[in-house]
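Per-entry structural report
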Amino acid sequence: MTVDRFAHYDGAYVLNALDDQDRAEFEAHLVTCDECRARVAEVGPTAARLAGLSPADVEGEAASAGPIPDTLLPGLFRRAERERARRRLVSGSIAAVAAACLITLVAIVWPASPSSTPPRGQALTAVRPSPVTATAALVSKRWGTEIDVSCRYSEAVGGGIPYELRVVDTAGQSHSAGSWTLAPGPAITFKGGTDVPRAQIARVLITSSNGTPILQLTL
C-alpha cells in the first residue's frame, strides 16, 4: 500500500507552518487528492475562527466541555509539530550520512601514521681504507628484516666488482643478506634482506668478494 507523504500536511498548511517549498508541493498535490482536500476543508474554518488563540487558551476553555476534538486548534498544532519533527528527522539522517562519508574520505586520503614514513639510513663506518661509503636502513618485516643500502664511490671505479651484505646476530652468527656487482657510476642502491629479526641484529657489514669487511654498522 502506498503511503501518502502529505497525509499530515493539512494542519501545518492551514496554520501557515509549511516552508515555501513544502507549501508549493502540497498545493500541487491538493489538485489531485480528494482526501487531502477534504481534510483541509474540514480543519480550515475552525483554524480561521481560532487563529487568534494560543493552544493554552483553547485547552483552558475546552477543559470543562469534555474531550477536545482533534479538528480544533490543539490538534492542528500537534499535526504541525509532527510534520516539523518528521522533517528534522530526515534532515538529521542526511547530515549523519554526509558526516560518515566525510569521515570515510578523510580516513582514505589522510596518512595513516608517522610510521608510514620510510626510515632514514644510518651511516656505516670504515673498517679499512676503501673508496666506498654507505648508509643502511633496517625495516622490520613479518619474515625478518629488510635492509636498504645506498653506496657512493669517492673515485672513479670500473664495473664488475662484487660486494656482499651480511648481518651478525646477537649470538655472534653471521648471515648473508644479499650481494651485488658494482655497475659503472658514482652511486648505487641495493635492497637486501635476512630472516633474522630486527631486534636480533647486532651489526651490518659490507664485505668484499673474499669476505673481508670494509664497512660496518653497529646497532
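Worth saying up front: this structure is predicted, and the values here are computed from it rather than measured.

A short note on the overall build of the protein chain
Secondary structure summary: the protein chain contains 5 helices and 9 strands in total. Secondary structure elements of the protein chain occur, N-terminal to C-terminal, as α-α-α-α-α-β-β-β-β-β-β-β-β-β. Looking at the protein chain as a whole, 29% of its 219 residues are labelled buried. Excluding contacts between residues fewer than 6 apart, the proportion of contacts in the protein chain whose partners are at least 24 apart in sequence is 52%. Looking at the protein chain as shown, the accessible area adds up to about 13,500 Å², and 58% of this sits on carbon and sulfur atoms.

Observations regarding the side chain of H29
Of note, H29 is situated in helix α2 (residues 20-30). For H29, the contacting residues outside a window of four places in its chain are D4, F6 and C36.

Structural notes on the nonpolar core
Of all hydrophobic cores here, the largest spans 24 residues; its most connected members are V149, C151, L165, W180 and I206. Elements that contribute at least two residues to this core include exactly β3 (132-141), β4 (144-153), β5 (162-169), β6 (174-181), β7 (187-194), β8 (201-208) and β9 (213-218). Dropping the residues within four chain positions of it, I206 is found in contact with L124, A134, V149, C151, Y163, E164, L165, W180, T212, P213, I214 and L215. Among the nonpolar cores identified, the runner-up in size contains 11 residues, and A12, L18, C33 and V40 belong to it.

Comments concerning the sheet that holds β8
Pairing is antiparallel across the open sheet formed by 5 strands, whose spatial order is β2-β9-β8-β5-β6. Of all the strands in the sheet, just β2 (125-126) and β6 have a single pairing partner and so form its edges. Where β5 and β8 come together, 7 bridges link them in antiparallel fashion. Looking across to β8, one finds that V167 is bridged to V204.

Describing the sheet that holds strand β1 (residues 122-123)
Pairing within the open sheet is antiparallel, and its 4 strands lie in the order β1-β3-β4-β7. On the outer flanks of this sheet lie β1 and β7, each paired with one strand and no other.

Quick word on the pairing of β5
Pairing between β5 and β6: 6 bridges, direction antiparallel. Of the residues in β6, the one forming a bridge with V167 is H175.

Focus: the pattern of salt bridges
Scanning the entire structure with this criterion turns up 6 salt bridges. The partner of K191 in a salt bridge is D148, with the nearest N and O atoms 2.7 Å apart. Pair noted here: K191 is in strand β7 and D148 is in strand β4, with a separation of 43 residues, a long-range link. Residue classification places D148 among the partly exposed positions, given a relative accessible area of 26%.

Thoughts on the confidence of the model for the protein chain
Note that predicted coordinates carrying low pLDDT should not be read in detail. Mean pLDDT over the protein chain stands at 75; residues scoring 70 or higher make up 60%. In this model residues 105-115 is a low-confidence stretch, pLDDT under 50, and it forms 0 contacts with partners more than four residues away in sequence or in other chains.

Here we look at the packing of aromatic side chains
One pass over the full model with this rule turns up 6 aromatic pairs. Relative to F26, the ring of Y9 has its centre 5.6 Å away and its plane inclined at 45 degrees; by these criteria the two rings are tilted. With Y9 in helix α1 (residues 9-14) and F26 in helix α2, this residue pair connects regions lying 17 residues apart in the sequence. A relative accessible area of 0% places F26 in the buried class. Through successive ring pairs, a cluster of aromatic residues spans F6, Y9, Y13 and F26.

The rules we used
Residues numbered from 1 in each chain as written. Predicted model: local features only at pLDDT ≥ 70, side-chain atom pairs only at ≥ 80, totals over all residues. Heavy atoms only, no water. Helix = DSSP H or I, 4+ residues; strand = E, 2+ residues; numbered from the N terminus. Buried < 20%, exposed > 50% of the residue type's maximum accessible area, 1.4 Å probe, protein only. Contact = heavy atoms within 4.5 Å. Areas by Shrake-Rupley, 256 points an atom, 1.4 Å probe, with all protein chains shown as cover. Core = buried A, V, L, I, M, F, W, Y, C linked by side-chain atoms within 4.5 Å. Pairing = 2+ DSSP bridges. Salt bridge = Lys/Arg side-chain N within 4 Å of Asp/Glu carboxyl O. pLDDT = per-residue confidence, 0-100. Phe/Tyr/Trp six-rings, centres within 6.5 Å; stacked < 30°, edge-to-face > 60°.

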